[in-house]
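Here are the chains, one letter per residue:
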Amino acid sequence: DICTQCISFGDHDQHEKVTIFERCEKVKMSFQKALNELENFVFPEYQKAASSIAVHKDELIKTSETISNSIREQGEVWHKEIDVVIQKLQSELNNMIWVHQCVLQKEENEINCRISEISKSINHLRDLLDSHDLSLVSGCKFRIDDYRTLPYQLVLDLPKFCPQSINKNHLLKQFGSISPLFVT
């Protein structure tokens, strides 16, 4: 029998004694609780966040294609002089897509790193739970708090292309007009 308070100080002050096996069981119970939380809550949330990034990437690509098609269709309606405007819009879109892809890639990398850490922790906790090595189990400390901060769900406000309708009369006025012929 040992007293968990006195074993490190050397003197026993009549504290409650517990067997090393009881102490080990208490430690294993806390490990089991941490493992349950990791497996049933934390790890699934990280997996969900990782899969949502793939969905965001697909939406980003589809939106990019839709916008590119809209820009090209609008460009076909306008004359060659408008190509500069179209190129400018296409460049802005590519920059926005690039920025969004960088953000998504960074988030995906961070989440995958955390998933890897959590997987290692789960395996380590399983090994500890299966272990009969008392010094290994009692000497190990696990902090579930390090994993409780869950990833936030990204909400992307995807870019949109809003083409303007073409007013032919307005275009004719913008292009120029011929003054009427006056006969005097």
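Quick summary incoming for the structure in this document.

A word on the nonpolar core
Move 1: If you look at the biggest cluster of nonpolar residues, it comprises 32 residues, and the most contacted ones within it are Phe 31, Leu 38, Ile 111, Ile 118 and Leu 125.
Move 2: Counting only elements with at least two residues in this core, the list comes to helix 1 (20-77) and helix 2 (83-130).
Move 3: With 15 residues, the top contributor of residues to this core is helix 1.
Move 4: Contacts of Ile 118, omitting those with residues within four sequence positions, involve Leu 38, Val 42, Phe 43, Tyr 46 and Tyr 147.

Section: the side chain of Glu 108
Move 1: Checked against the element boundaries, Glu 108 lands in helix 2.
Move 2: Only 2.8 Å separates the side chain of Glu 108 from the side chain of Lys 57, close enough to count as a polar contact.
Move 3: Apart from residues lying up to four places away in sequence, Glu 108 is in contact with Ile 53 and Lys 57.

Considering a nonpolar patch on the surface
Move 1: On the surface, Trp 98, Val 99 and Val 103 cluster together to form a nonpolar patch covering roughly 300 Å² of accessible area.
Move 2: Locating Val 99 in the fold gives a position in helix 2.

Rules used throughout
- Residues numbered from 1 in each chain as written.
- Predicted model: local features only at pLDDT ≥ 70, side-chain atom pairs only at ≥ 80, totals over all residues.
- Heavy atoms only, no water.
- Core = buried A, V, L, I, M, F, W, Y, C linked by side-chain atoms within 4.5 Å.
- Buried < 20%, exposed > 50% of the residue type's maximum accessible area, 1.4 Å probe, protein only.
- Helix = DSSP H or I, 4+ residues; strand = E, 2+ residues; numbered from the N terminus.
- Contact = heavy atoms within 4.5 Å.
- Polar contact = N/O pair within 3.5 Å; in protein donor to acceptor, adjacent residues only side chain to side chain.
- Patch = residues over 30% accessible without salt bridge, like charges linked within 9 Å, V, L, I, M, F, W, Y side chains within 5 Å.
- Areas by Shrake-Rupley, 256 points an atom, 1.4 Å probe, with all protein chains shown as cover.
- Salt bridge = Lys/Arg side-chain N within 4 Å of Asp/Glu carboxyl O.

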